[in-house]
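# Fold and contact review
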Amino acid sequence: MTDSPTVTLFGVGTVVRSADGLVLVGRRRAEAGAPLAVPGGKPEAGETVEQCAVRELAEETGLVLDPDAVRTFACVLVPAGEVSWVVAGVEGHLGVRAAEAGPRELEPEKFGSFRWIEPTRVGEELFPATAALLERLEAR
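The notes below deal with the structure included here.

Thresholds, definitions, all that
Residues numbered from 1 in each chain as written. Predicted model: local features only at pLDDT ≥ 70, side-chain atom pairs only at ≥ 80, totals over all residues. Heavy atoms only, no water. Phe/Tyr/Trp six-rings, centres within 6.5 Å; stacked < 30°, edge-to-face > 60°. Buried < 20%, exposed > 50% of the residue type's maximum accessible area, 1.4 Å probe, protein only. Lys NZ or Arg CZ within 6 Å of the ring centre and 35° of its normal. Helix = DSSP H or I, 4+ residues; strand = E, 2+ residues; numbered from the N terminus. Expected span 1.5 Å × (residues − 1). Contact = heavy atoms within 4.5 Å.

### What about the packing of aromatic side chains?
For any pair of aromatic rings, the description rests on two quantities: the centre-to-centre distance and the angle between the ring planes. Using the criterion set out here, one finds one aromatic pair in the structure. Consider the rings of Phe111 and Phe114, whose centres lie 5.1 Å apart with planes at 80°: the pair is edge-to-face. The same class applies to Phe111 as to Phe114, namely buried. In this structure, Arg28 is placed above the aromatic ring of Phe127, and the distance from its NZ or CZ to the ring centre is 4.0 Å.

### Some words on helix H1 (residues 49-61)
For H1, spanning 13 residues, the distance from its first C-alpha to its last is 18 Å, which sits close to the expected 18 Å at 1.5 Å a residue. Among the residues of H1, Cys52, Ala53, Val54, Arg55, Glu56, Leu57, Glu60 and Thr61 are the ones counted as buried. Looking at the buried residues of H1, the elements they touch are strand S1 (7-17), strand S2 (23-28), strand S4 (40-41), strand S6 (83-93) and strand S7 (111-117). Where H1 terminates, the next one or two residues include Gly62, which has phi positive at roughly 80°.

### Some words on the environment of Phe73
Structurally, Phe73 is set in strand S5 (residues 71-78). Expressed as a C-alpha distance, the spacing of Phe73 and Ala88, which sit 15 residues apart in the sequence, is 7.7 Å.

### Re the side chain of Ser84
Inspection of the secondary structure puts Ser84 in strand S6. If we skip the residues at most four places from it in the chain, Ser84 touches Val7, Thr8, Leu9, Leu77, Val78 and Pro79.

Remember that the coordinates give geometry; whether it matters functionally is a separate question.
What follows is the structure, given as C-alpha cells:
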C-alpha cells in the first residue's frame, strides 16, 4: 500500500426547513449534471460554522435565519476523487410555509432553480454532501 497525500477541504451545508417541514434545495449549476443541493459554502476567517451557514443562505437565496436559532447536527466526509470534503450540516427553521418563503437567485451563475422538497422523497440526483447530510438529519 502506498501512502498518498490527501487533500481535504471544509465546507458548510445549510439545511433550512419551512414551517411545513420541507427542505430548500437548488441546482448547483457549476457542477456536472447540476445536482440538487442545499445552500452552503466555505467559512470565512474567524467565522463559526453556524455564522457561515446563515451568511451563505442569505448570500445565495436572500432568506435570513436567526443566528441564535441554528444548530450543527452532523459532519460528513465526502470523498470526491483527488479532493475530499468535510461538510458540517447546520439546520435552521423558517417561520413560514414553503409557499410563502420566496428564495431568490442571488448567485445565478452558481446556484438557483430553488424548490422545496420532502427530505425523504427527493426523486432526483443530489449533490453528494447534500445526500449525506439529509440522510443524517432524517436518521435522528
